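Okay, here's what each chain looks like letter by letter:
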Amino acid sequence: MQNSLRALKREAKEIGGPRLSYLWSLTFGHLVVHWYTGLLPLLIPSLKTALRLSSIQVGGITAAQMGVSGATTLPSGYVADTYKRQTPLILASSIVVLGIAYLILGTINSYPWALVASGLVGLGMALWHPGATGSLSLRFPDRRGFALAGHGVGASFGDALVPVTVGAIIKAVSWQLVLKLHILPALILAVILWRAMQS
């Protein structure tokens, strides 16, 4: 254990403060992205009841999310490669799109809008991953594995935290209100991330 800690300290020292700050910014951003994408499966039962959806329609919501994500990931990768200087804006936009998706989900009363919102969740996912991993690969050519692993840790924490945290909240507060309020941290965190990546 002590040897592992010493190795991590040595690794951090070799990487340097500015690059570590950049990595932590993207790791936290990845946590936020997976928090938002993890919300949708958690809310499927509530959406099914509120909109009186069949099992096939519920499947359509998931299909819209994953279909849009799959269709836009390759174009997102092209944009990330072509406009490298705009990576902070692209990644901040990912979080804003996710916030808008849940604002829509919290206010709708129709199935077509649920499909639109779930598609936006997929778009937010697609905007994040190519830009973030590409940026880390450029910033950490000598520590690519370490950087991508750190980025992945953020995703794991986001996936682990959202079911327990939001699950507890929606037992006490309307799930629609919870979704609407998610626009506020999305906007705030997008600005924080954008500024942190500028430094």
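Structure first, text after, so check above.
The structure displayed is predicted, hence computed values, not measured ones.

### Some details on the nonpolar core
At step 1: Within the largest apolar cluster, 44 residues are counted, with the highest numbers of intra-cluster contacts made by Leu 26, Leu 39, Ile 61, Ile 95, Tyr 102, Leu 105 and Trp 128.
At step 2: Taken together, the elements giving at least two residues each to this core come down to α2 (17–51), α3 (55–82), α4 (87–107), α5 (111–139), α6 (144–172), α7 (175–181) and α8 (183–198).
At step 3: At 14 residues, α2 tops the list of elements feeding residues into this core.
At step 4: Excluding anything up to four places from it in sequence, Tyr 102 contacts Tyr 36, Thr 37, Leu 39, Leu 40, Val 121, Leu 179, Lys 180 and His 182.

### Focus on the packing of α4 against α8
At step 1: At their nearest, the axes of α4 and α8 sit 8 Å apart, and the two run at 175° to each other. The orientation of α4 with respect to α8, classified from their angle, is roughly antiparallel. Across the interface between the two elements, Thr 87, Pro 88, Leu 89, Leu 91, Ala 92, Ile 95, Val 96, Gly 99, Ile 100 and Leu 103 of α4 pack against Ile 183, Ala 186, Leu 187, Ala 190, Leu 193, Trp 194, Met 197 and Gln 198 of α8.
At step 2: Split by residue class, the contact of α4 with α8 holds 15 nonpolar, 3 polar and no charged.

### Digging into the packing of α2 against α6
At step 1: Contact geometry for α2 and α6: axes closest at 6 Å, N-to-C directions at 40°. When the axes of α2 and α6 are compared, the pair comes out oblique. For the crossing formed where α2 meets α6, the hand is right-handed.
At step 2: Split into classes, the residues belonging to the contact of α2 with α6 amount to 17 nonpolar, 11 polar and 1 charged.

### Here we look at the pattern of salt bridges
At step 1: Summed over the entire model, instances satisfying the criterion amount to 2 salt bridges.
At step 2: A salt bridge links Asp 142 to Arg 19; the nearest nitrogen and oxygen atoms lie 3.1 Å apart. One end of the pair, Asp 142, is in the loop between α5 and α6; the other, Arg 19, is in helix α2, with 123 residues separating them in the sequence.
At step 3: Owing to a relative accessible area of 18%, Arg 19 belongs among the buried residues under this scheme.
At step 4: Ionic pairing is found between Asp 142 and Arg 143, a salt bridge with its closest N-O pair at 3.8 Å.
At step 5: On the basis of relative accessibility, which here comes to 46%, the residue Asp 142 falls in the partly exposed class.

The rules behind each value
- Residues numbered from 1 in each chain as written.
- Predicted model: local features only at pLDDT ≥ 70, side-chain atom pairs only at ≥ 80, totals over all residues.
- Heavy atoms only, no water.
- Core = buried A, V, L, I, M, F, W, Y, C linked by side-chain atoms within 4.5 Å.
- Buried < 20%, exposed > 50% of the residue type's maximum accessible area, 1.4 Å probe, protein only.
- Helix = DSSP H or I, 4+ residues; strand = E, 2+ residues; numbered from the N terminus.
- Contact = heavy atoms within 4.5 Å.
- Axes fitted to C-alpha atoms, helices over the stretch in contact; angles between N-to-C directions.
- Parallel < 35°, antiparallel > 145°, perpendicular 65-115°, else oblique.
- Nonpolar A, V, L, I, M, F, W, Y, C, P; charged D, E, K, R; others polar.
- Left-handed = near helix turned anticlockwise from the far one by under 90°.
- Salt bridge = Lys/Arg side-chain N within 4 Å of Asp/Glu carboxyl O.

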